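# Observations on the three-dimensional arrangement
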Amino acid sequence: MAEPHSMDVPASGFLVVRASGAAAARAAILGGRGDPEDVQLLLRCPVPRAVAESGAKLTFADATLHLQPSGVVMLTVAAAKLSISFAELRPLMFRPVEVDAPLRSLFAGAVAHVVAAGPRLDPHGLAHHLLGLAELVLRSALRVELDRVDALAARRREALEYMRAHLGEQSLSADKIAEALYISRRRLYQLFDDGQGVSERLKGLRVERAKALLADPAKAARGIAEIARDCGFTSAPHFSRTFRQATGRTPREFRERALRG
């Protein structure tokens, strides 16, 4: 069984979930087929003093418990034995996921008991016990992670709704949006960490608003400069440059083609 690589070793309070095999790793990151034979849970927690220096490794049917002297515990279970599918586990795979203190304490206590009493207990029963422990950790971490993602998505929607409602304000900025949502500027940028960022997202929304206004026959009498102001651009030249960069046409060219169509 593979040893934990330094990049996989979790910081205190964090869980790393891995899949065995190159095919499974590619599937976890890129999607597609390649379900693993094993799922590995790495969690840093206090280890029994007796194994703090030398480490320990206990192997049972469908489960292996490996304690590192550094305090990292690696629990490996057969993926086919889990009631959670590999696809459902994808939000947890190959990245640190924060685990709250009660779950860490429960995990550490269970590991300590298995190490202390393992040689005197039925190995098949212990395998089921470790499988249940893995299920508990994975399900708890997955629930928290999905709740976190849902919360981020909700806050992102709030930010976008505020942007759309105030696009005509030239003073609209990241600071103003963050203040309106009662979050920090840093937190706002975390909501849009997909590479586009807040300013680019705001620019894109303004261009989309402008496209809708330019293509509306009912707005055909409105001048380009007026539409630029309505969309929050500082000037007609700035609007024309930004619009052409985004669409490949000037606002006037876009309007003429849209109204002819």
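Residues numbered from 1 in each chain as written. Predicted model: local features only at pLDDT ≥ 70, side-chain atom pairs only at ≥ 80, totals over all residues. Heavy atoms only, no water.

## Examining the overall build of the protein chain
Secondary structure summary: the protein chain contains 10 helices and 6 strands in total. For the protein chain, buried positions account for 41% of its 261 residues. For the protein chain, contacts bridging at least 24 residues in sequence account for 67% of all contacts bridging at least 6. (Helix = DSSP H or I, 4+ residues; strand = E, 2+ residues; numbered from the N terminus. Buried < 20%, exposed > 50% of the residue type's maximum accessible area, 1.4 Å probe, protein only. Contact = heavy atoms within 4.5 Å.)

## Let's talk about the pattern of salt bridges
Scanning the entire structure with this criterion turns up 10 salt bridges. Notably, a salt bridge pairs Arg-185 with Asp-175, separated by 2.8 Å at the nearest N-O pair. A residue pair is termed long-range when its members are at least 10 positions apart, and Arg-185 in helix H6 (residues 185-191) and Asp-175 in helix H5 (residues 174-181) qualify at 10 residues. By relative accessible area, Arg-185 is classed as partly exposed at 40%. (Salt bridge = Lys/Arg side-chain N within 4 Å of Asp/Glu carboxyl O.)

## Looking at the side chain of Gln-40
By the secondary structure assignment, Gln-40 is in strand S2 (residues 38-44). Residue Gln-40 is classed as buried on the basis of its relative accessible area, which comes to 7%. At 2.7 Å, the side chain of Gln-40 forms a polar contact with the side chain of Arg-18. (Polar contact = N/O pair within 3.5 Å; in protein donor to acceptor, adjacent residues only side chain to side chain.)

## Things to note about the sheet that holds strand S5 (residues 72-78)
Reading across from one edge, S3-S4-S5-S2-S1-S6 is the order of the 6 strands in this open sheet, with antiparallel pairing throughout. If you trace the sheet from one side to the other, it starts and ends with strand S3 (56-60) and strand S6 (97-98), each paired once. The sheet contact formed by S3 and strand S4 (residues 63-67) spans 5 bridges and is antiparallel. Residue pairing in the sheet places Ala-56 in a bridge with Leu-67 of S4. Running at roughly 100° to S4, helix H3 (residues 101-117) makes contact with S2, S3, S4 and S5 of the sheet. Packing against the sheet, helix H4 (residues 123-165) makes contact with strand S1 (14-19), S2, S3, S4, S5 and S6, and its axis sits at approximately 105° to S5. (Pairing = 2+ DSSP bridges. Axes fitted to C-alpha atoms, helices over the stretch in contact; angles between N-to-C directions.)

## Quick word on the packing of aromatic side chains
Under the criterion given, the structure shown has 3 aromatic pairs. Ring centres 5.7 Å apart and planes at 65° place the aromatic pair Phe-239 and Phe-243 in the edge-to-face group. A residue pair is termed a helical-turn pair when its members lie 3 or 4 positions apart in one helix, as Phe-239 and Phe-243 do in helix H9 (residues 236-247) at 4 residues. Here the two residues Phe-239 and Phe-243 agree in accessibility, since each one is buried. Between the aromatic rings of Phe-243 and Phe-254, the centroid separation amounts to 5.3 Å while the plane-to-plane angle is 80°, which identifies the pairing as edge-to-face. With Phe-243 in helix H9 and Phe-254 in helix H10 (residues 251-260), this pair connects stretches of sequence that are 11 residues apart. One exposure class covers both Phe-243 and Phe-254, and it is buried. Of the aromatic side chains, those joined through ring pairs into one cluster are Phe-233, Phe-239, Phe-243 and Phe-254. (Phe/Tyr/Trp six-rings, centres within 6.5 Å; stacked < 30°, edge-to-face > 60°.)

## Some details on the confidence of the model for the protein chain
The predicted model of the protein chain averages 84 in pLDDT, with 88% of residues at 70 or higher. Between the elements of the protein chain, mean pLDDT differs from a low of 54, seen in helix H1 (residues 22-30), to a high of 94, seen in helix H8 (residues 224-230). Confidence over residues 1-7 falls short of pLDDT 50; this stretch has 17 contacts with residues more than four positions distant or in other chains. (pLDDT = per-residue confidence, 0-100.)

## Overview of the nonpolar core
Core analysis: the largest hydrophobic core is formed by 42 residues, its most contacted members being Leu-65, Leu-75 and Phe-107. Going through the elements one at a time, S1, S2, S3, S4, S5, helix H2 (86-89), H3 and H4 are the ones with two or more residues in this core. When residues in this core are grouped by element, the largest group, 10 residues, is from H4. Residue contacts for Leu-75: discarding those within four places in its chain leaves Val-39, Gln-40, Leu-41, Thr-64, Leu-65, Phe-107, Leu-130, Leu-133 and Ala-134. Within the second largest apolar cluster, 18 residues are counted, among which are Leu-152, Ile-183, Phe-192 and Leu-205. (Core = buried A, V, L, I, M, F, W, Y, C linked by side-chain atoms within 4.5 Å.)

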